[in-house]
Amino acid sequence: SETGLPQLLLVCNNTTNRKQNERLLEESERLNRRLIQELPVPVAIIQDEKAILVNDAFEDLVGRKGITEDTNITSVVVEEDHPKLADAHEKLLRGSDKVDYAIRVKSGPGNIKHVSARDSFFNYKNHLVTLTVMNDVTDRVLIERKNKEIEERTRHIIDSALDAIILTDLLGNIVDWNKQA
């Protein structure tokens, strides 16, 4: 230096705030994981079709334990329903807050479950991921199918009857009749 004195440049960074933020982020992550695990409904966090985190209810639904980050989520969905997943993702990308859709999931060898799913985007570890919440509606779907079969058989019996048949509601209003009426 010109003064002949040694010069020292000292740069100090206070890392206390950064470390505190990292601890808070880690604590938030633990709470999120615990919250998702405690939910009684099937939940999955998905990024690039990979399961980042699933809860026990999700594993029970699909009949597979030990789903890891290497698991492609489409592997648990019936192949014909894959376009529904892509469509839901596209709707989210176009700005929808949430997307509801129905799919079928594989739940063990030869077992299929009908599921109502809701997807939304979610910030997880500073990455945009899909939060999927599912509801098993298999019983409802099977009951609806059974009711439709019964309705069709009843309609066939009424239409093929030789006598006139008139159907009324509880108030006596005519609601339907066959061609003989």
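Residues numbered from 1 in each chain as written. Predicted model: local features only at pLDDT ≥ 70, side-chain atom pairs only at ≥ 80, totals over all residues. Heavy atoms only, no water.

Engineer: For this particular structure, what's the right way to read the overall build of the protein chain?
Structural biologist: A count of helical and extended segments in the protein chain gives four helices and seven strands. Moving toward the C terminus, one meets the helices and strands of the protein chain in the order α-β-β-α-α-β-β-β-α-β-β. Taken over 181 residues, the protein chain has a buried fraction of 28%. Counting only contacts in the protein chain whose residues sit at least 6 apart along the sequence, the fraction spanning at least 24 positions is 32%. (Helix = DSSP H or I, 4+ residues; strand = E, 2+ residues; numbered from the N terminus. Buried < 20%, exposed > 50% of the residue type's maximum accessible area, 1.4 Å probe, protein only. Contact = heavy atoms within 4.5 Å.)

Engineer: Could you clarify how one ought to interpret the pattern of salt bridges in this entry?
Structural biologist: Pairing between side chains of opposite charge can happen when the charged atoms of each approach one another. Evaluated as defined, the whole model comprises 10 salt bridges. D100 is the salt-bridge partner of R118, the closest N and O atoms lying 2.6 Å from each other. In this pair, R118 is assigned in strand β4 (residues 112-124) and D100 in strand β3 (residues 99-106), connecting sequence segments 18 residues apart. One salt-bridge network, in which partners are shared between bridges, spans E80, D81, K84 and R104. (Salt bridge = Lys/Arg side-chain N within 4 Å of Asp/Glu carboxyl O.)

Engineer: Would you mind showing me how to read the environment of D119 here?
Structural biologist: The residue D119 is located in strand β4 in this model. Its relative accessible area of 5% is what places D119 among the buried residues. Spatially, the C-alpha atom of D119 lies 26 Å from that of P109, the residues being 10 residues apart in sequence. With sequence-adjacent residues up to four places away left out, D119 is seen in contact with A88, L92, D97, K98, V99, Y101, T130, L131 and T132. Looking at D119, its side chain comes within polar contact range of the side chain of T132, at 2.7 Å. (Polar contact = N/O pair within 3.5 Å; in protein donor to acceptor, adjacent residues only side chain to side chain.)

Engineer: Where do I start with the side chain of T138 in this structure?
Structural biologist: When you line up the elements, T138 lands in helix α4 (residues 138-160). Within the local environment of T138, its side chain forms a polar contact with the side chain of D136, the two groups lying 2.6 Å apart.

Engineer: Explain the layout of surface pockets to me, please; I cannot follow it from the model alone.
Structural biologist: In this structure, the largest pocket occupies an estimated 380 Å³ of space. In this structure, the largest pocket is lined by 22 residues; those nearest its centre are I46, E49, L85, H89 and T130. (1 Å grid on protein atoms, 1.4 Å probe; cavity = no way out; pocket = protein on both sides within 12 Å on 5 of 7 lines; lining within 4 Å. Points joined across faces, edges and corners; volume = space filled by probe spheres on them.)

Engineer: For this particular structure, what's the right way to read helix α3 (residues 82-93)?
Structural biologist: Because the α-helix completes a turn every 3.6 residues, residues three or four places apart line up on one side. Helix length check: α3, at 12 residues, gives a terminal C-alpha distance of 17 Å against a target of 16 Å (1.5 Å per residue), a fit within 8%. Listed in full, the buried residues belonging to α3 are L85, A88 and L92. Buried residues in α3, looked at end-on, bunch into an arc of 65 degrees, giving them a common side. Facing away from the buried side of α3, by more than 90 degrees, are the exposed residues P83 and L93. (Expected span 1.5 Å × (residues − 1). Arc of directions from axis to C-beta.)

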